[in-house]
Amino acid sequence: MAQAQLPVGTPLTTPEPEHPQAWKWYDYFTFNVDHKVIGIQYLVTAFFFYLVGGLMAVAMRAELATADSDVLNPNLYNAFLTNHGTIMIFLWIVPAAIGGFGNYLVPLMVGARDMAFPKLNALAFWLNPPAGALLIGSFFFGGAQSGWTSYPPLSLITANTAQSMWILSIVLVGTSSIMGALNFVVTILKMKIPSMRWDQLPLFCWAIMATSLLALVSTPVLAAGLILLLFDINFGTSFFKPDAGGNVVIYQHLFWFYSHPAVYLMILPIFGVMSEIIPIHARKPIFGYKAIAYSSMAICAVGLFVWVHHMFTSGTPPWMRMFFTISTLIVAVPTGVKIFSWVATLWGGKIRYTSAMLFAVGLLSMFFLGGLSGVTLGTAPVDIHVHDTYYVVAHFHYVLFGGSVFGLYAGIYHWFPKMTGRMLNEFWGKVHFVLTFIGTNLTFLPMHQLGLQGMPRRVAMYDPQFESINKLCTIGAFVLAFSVVPFLINIIWSWSKGPKAGDNPWGGLSLEWTTASPPMIENWPVLPVLTTGPYDFGGPPEDDDDDSDFDDE
Amino acid sequence: MEQIPGSILTLAAGVVITLLSLWASQQSHLFFPEQASEIAPLVDNLFGIMVGIAVAFFFVVQGAIVYFMIRYRQRPGDEEDGSPIRENLPLEAFWTAIPAIIVIFLGIYSVDIFQQMGGFNPGDHAGHAMVGHKHSAAVVAQAPDMNMTSDVPMLLAQADTSAEVGFGASPENVGKPPDVMVDVAGMQYAWIFTYPDSGIISGELHIPVGQDVQLNISAKDVIHSFWVPQFRLKQDAIPGIPTELRFKATKPGAYPVVCAELCGGYHGSMRTRVIAHTPEDYQAWVQQNTVANAPQESPVLLAQAASMTPENRMVAGHIHQMGITPETLAQLHP
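Definitions and cut-offs
- Residues numbered from 1 in each chain as written.
- Chains lettered and ligands numbered in written order.
- Predicted model: local features only at pLDDT ≥ 70, side-chain atom pairs only at ≥ 80, totals over all residues.
- Heavy atoms only, no water.
- Helix = DSSP H or I, 4+ residues; strand = E, 2+ residues; numbered from the N terminus.
- Rg over C-alpha atoms; globule rule 2.2 N^0.38 Å.
- Buried < 20%, exposed > 50% of the residue type's maximum accessible area, 1.4 Å probe, protein only.
- Contact = heavy atoms within 4.5 Å.
- Areas by Shrake-Rupley, 256 points an atom, 1.4 Å probe, with all protein chains shown as cover.
- Lys, Arg positive; Asp, Glu negative; His and termini not counted.
- Charge placed at Lys NZ, Arg CZ, Asp CG, Glu CD.
- Pairing = 2+ DSSP bridges.
- Axes fitted to C-alpha atoms, helices over the stretch in contact; angles between N-to-C directions.
- Buried area = accessible area lost by both parts, 1.4 Å probe.
- Salt bridge = Lys/Arg side-chain N within 4 Å of Asp/Glu carboxyl O.
- Polar contact = N/O pair within 3.5 Å; in protein donor to acceptor, adjacent residues only side chain to side chain.
- Nonpolar A, V, L, I, M, F, W, Y, C, P; charged D, E, K, R; others polar.
- pLDDT = per-residue confidence, 0-100.
- 1 Å grid on protein atoms, 1.4 Å probe; cavity = no way out; pocket = protein on both sides within 12 Å on 5 of 7 lines; lining within 4 Å.
- Points joined across faces, edges and corners; volume = space filled by probe spheres on them.

Considering the overall build of chain A
Helix and strand content of chain A: 16 helices and zero strands. The globule rule puts the C-alpha radius of gyration for 553 residues at 24 Å, and the 23 Å found for chain A is close to it. Principal-axis analysis of the C-alpha atoms gives chain A an extent of 70 × 50 × 50 Å. Among the 553 residues that make up chain A, the fraction classed as buried is 67%. Summarising the internal contacts of chain A: among those between residues at least 6 apart in sequence, 83% fall at separations of at least 24. As displayed, chain A offers around 17400 Å² of accessible surface, 72% of which is attributable to carbon and sulfur atoms. Of the side-chain charges in chain A, 24 are positive and 31 negative, and the distance between the mean point of each set is 6 Å.

Describing the environment of Ala394(A)
Residue and element names in this part refer to chain A. Mapped onto the secondary structure, Ala 394 falls in helix H14 (residues 390-420). A relative accessible area of 0% places Ala 394 in the buried class. Expressed as a C-alpha distance, the spacing of Ala 394 and Leu 254, which sit 140 residues apart in the sequence, is 25 Å. Sequence-distant contacts of Ala 394, defined by excluding residues within four places in its chain, comprise Phe 444, Met 447 and His 448.

With respect to unusual backbone geometry
Omega for the bond connecting Ser517(A) with Pro518(A) falls within 30 degrees of zero, at -10°, which places this linkage in the cis form. Locating Pro518(A) in the fold gives a position in the segment after helix H16 (467-497). The omega torsion of the bond from Gln188(B) to Tyr189(B) falls at -5°, within 30 degrees of zero and hence cis. Here Tyr189(B) lies in the loop between strand E2 (180-187) and strand E3 (190-195). A positive phi angle, close to 60°, is found at Asp388(A), a residue other than glycine. Along the chain, Asp388(A) falls in the loop between helix H13 (380-386) and H14. The backbone of Asn523(A) shows a phi angle near 75°, a positive value even though the residue is not glycine. For Asn523(A), a relative accessible area of 0% puts it in the buried group.

Considering the sheet that holds strand E5 (residues 205-208) of chain B
For sheets, the rule is that strands pair by backbone hydrogen bonds, running either parallel or antiparallel. All names here are of chain B. In spatial order, the strands read E5-E11-E10-E7-E8; together these five strands make up an open sheet with mixed pairing. Of all strands in the sheet, those bounded by a partner on one side alone are E5 and strand E8 (233-237). Each strand of the sheet is rotated relative to its neighbour by a mean of 25°, with strand direction disregarded. Relative to strand E11 (residues 271-277), strand E10 (residues 253-259) runs antiparallel, the two sharing six bridges. Residue pairing in the sheet places Pro 256 in a bridge with Arg 273 of E11.

Thoughts on the interface of chain B and chain A
For interface size, the figure often reported is the accessible area lost on association. Opposite the 86 residues of chain B that make contact, chain A presents 90 residues. Of the roughly 7500 Å² buried at the junction of chain B and chain A (both faces included), carbon and sulfur atoms supply 68%. Where chain B touches chain A, the interface holds four salt bridges. Joining chain B to chain A, the criterion identifies 24 residue pairs in polar contact (both at pLDDT 80 or more). Counting only elements with at least two residues in the side of chain B that touches chain A, the list comes to helix H2 (40-71), helix H3 (89-116), helix H5 (152-159), strand E1 (165-167), strand E7 (224-228), E8 and E10 of chain B. The element best represented in the side of chain B that touches chain A is H2(B), accounting for 14 residues. A class-by-class count of the residues in the side of chain B that touches chain A yields 50 nonpolar, 20 polar and 16 charged.

Description of the confidence of the model for chain B
All names here are of chain B. Overall, the prediction assigns chain B a mean pLDDT of 80, with 75% of residues at 70 or greater. With pLDDT under 50 throughout, residues 127-160 is counted as low confidence; its partners more than four residues away or in other chains account for 48 contacts. Under a pLDDT of 50 for its full length, residues 303-323 has, in the predicted model, 28 contacts with residues more than four places off or in other chains. In the model output, the complex is listed with pTM 0.88 alongside ipTM 0.89.

Focus on empty space enclosed by the protein
Residues and elements named next belong to chain A. The tally for this structure, following the rule as stated, stands at eight cavities of 30 Å³ or more. Taken as a whole, the largest cavity holds about 220 Å³ of empty space. In terms of lining residues, the largest cavity is bounded by 23 residues, among which Val 94, Ile 98, Val 173, Ser 176 and Ser 177 are the most central. Breaking the lining of the largest cavity down by element, the ones donating at least two residues are helix H2 (74-110), helix H6 (160-191) and helix H7 (203-234). At eight residues, the largest contribution of residues to the lining of the largest cavity is made by H6.

Examining the pairing of E8(B)
Residues and elements named next belong to chain B. The buried fraction of E8 amounts to five of the five residues, a majority that puts the element mostly inside the structure. The two faces of E8 match: Leu 233, Gln 235 and Ala 237 on one face and Lys 234 and Asp 236 on the other face are all buried. Relative to E8, E7 runs antiparallel, the two being bridged by five bridges. Bridge assignment links His 224 to a residue of E8, and that residue is Ala 237. Taking the residues between adjacent antiparallel strands as the criterion, E7 and E8 are bridged by four residues, where Arg 232 takes a positive phi near 60°.

Here it is in structure tokens:
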């Protein structure tokens, strides 16, 4: 905290001679408290789990190439689908977007030397590897088989040990998420350099702020639900056992009260990433700064009141179905505002066709499509038909793969030079983009049709009439799996041998580009002074007289 | 860019996109399986309207993205920044207001459809208890060797209370008892259909076309979800919470009944059929099966019913494991 109160521009006391200016490779495997090390630890660990979850997806698509259950036995298939979902959400997107980019960038963007609570930060990260180990270890006990939602009573009666390990794993990542969120809120509120006005705060930090508030409100509810479930499984309680007076629908409320906002936990930081990448690569100020900042907060608030749309076909009374139809539809408005603002940012720009920009614009297209199908799912009458079908699978993969994963890739291409001091190869980046874009659409677009026609999700065997469309999806999944190869080779090769990046290869104006690449320990030799806003492209710096509404907050 | 050609182009694009979205909304029914219930056209129309709106938005936004990406790409040697436009309040108000109006319209429209579907009247089925009681004595008579596990009575007792969730009577049928009532029980991995009026127990659902049918849905073990894609209807079968679906089939034929909620390893094989008969055929079916369903034969029939589809053969053995004997079924209608 003392660091935040350093007067701007005061030189740091001369570092002691033995004080290292850069970390050694083995520091990345220790309980290091530097936010940059922790950010990279998060990103690399999460990417490892992405590969694990991806292999599960490939195995499932191989199974679904034919209508019969011939590749995996049905219980193993269910274990794969449960763990695929869990890993991708809890160990890939959320940790990579919030833990990885958030930790790496927030202190750099607000001009701080570290997060507010560095040890808490390291502790939050180190809860993730055991969580992942528990999940993967659960396969030795049959694997949790009741889907990532783990609705009782199914989760009470299948593979109890594996299910308990699954619960403990989620509680660990949930705890990590709460610790991280607290840290972000305090860091942004208290450690922003004094010369940075609220309306000069990079939009990524606004997004992380909204995300953290959402996580702080909703995560404990999931933890409560899961712990009650754990008690039911292991200690003979009957919160969710219908034959002993329990209520299975209560679990669904507790679960979705977190897990719908989890969708925003996955996408809000990515919205922040988009708001950083598009202006830099289009050489334009972001269009509608305030609208984008406010809409993050609006999504955070409204996002807490939409969870029941996952339960329209469940034990939901009529008034609830209607209330949540309308609140769900309303989320489309702030989301639309963001999308229109990014499109408007492209107008009149000088757009660079970098890999980061391609992924960002690819995200715009794909996420937009996912948003449109989301509106149809928000209305109860249509949702009743397509709930729990491949239409839903198509929708959330457009949002989470076409949205979050594209955003993570965009962020990696954009900030890799800052993190490693070296450039990624742009040619292979573009190959990666093209393969990913084709693979994603080929895999997930036909699924809309499958769902509308009547194929339920989470099935290892299905009606043979759906076989031809499923084959198409499976081919797409293989393309998607293969698309990771050029990326992985590019990352590994460029990290050690890529051309040197320099401090500011893209010409960015936010604070992280004012320091060395990679940044030294404690980020700057002298704390930076703000000379421009983060998006002052193409003209004189914004004049100071519109000293905005943000100061009141 | 001259003013007039620009606005003519915009106008032309607007007309083309409008026509395209109207055409798309007309074509959207092609995505769906055939419409076999009274509410299916309502749902398809709502979806069609959303498809129309979505197509218009899609072309406007994607068109803008593609156009801007080409028009405003960096030219070789041009290292300048773009124009420093930060905001435009009228434009932002416009694109906030338009989607807001659209979603409010869609919200109101879907409430209306929901009302016509009978979404606001579950539990409105005068006569259920009476019909249930009429039958129960007969079935209990089939049950000399009751051997129930302790948790069964509680579950089944709850199953008889009136459903508060699901789809009930459509507005014109409020207060009227349904023409046909069927008790639907989901279990791993089969649906059992019991007709309280005639005592028929079946593994396939038989209903008459054009009559008001009510399904009283319950679950024996885990959550299942009763879905007939051609009817556009789905309702979870929840242990301990009775639910219902009330609908009118419009087209004779055999349609799949799918379990949509993950219910265990063989969830994908939990499939059966609903057969919509003409009213005469339905009466004939009832006649035939009421005779066949003499008490001493019912366990056999039950086993046959449960193993109707090849994938469901394992269920035959499973039924006894689950404690699904005629006497437990009898408990569904005390």
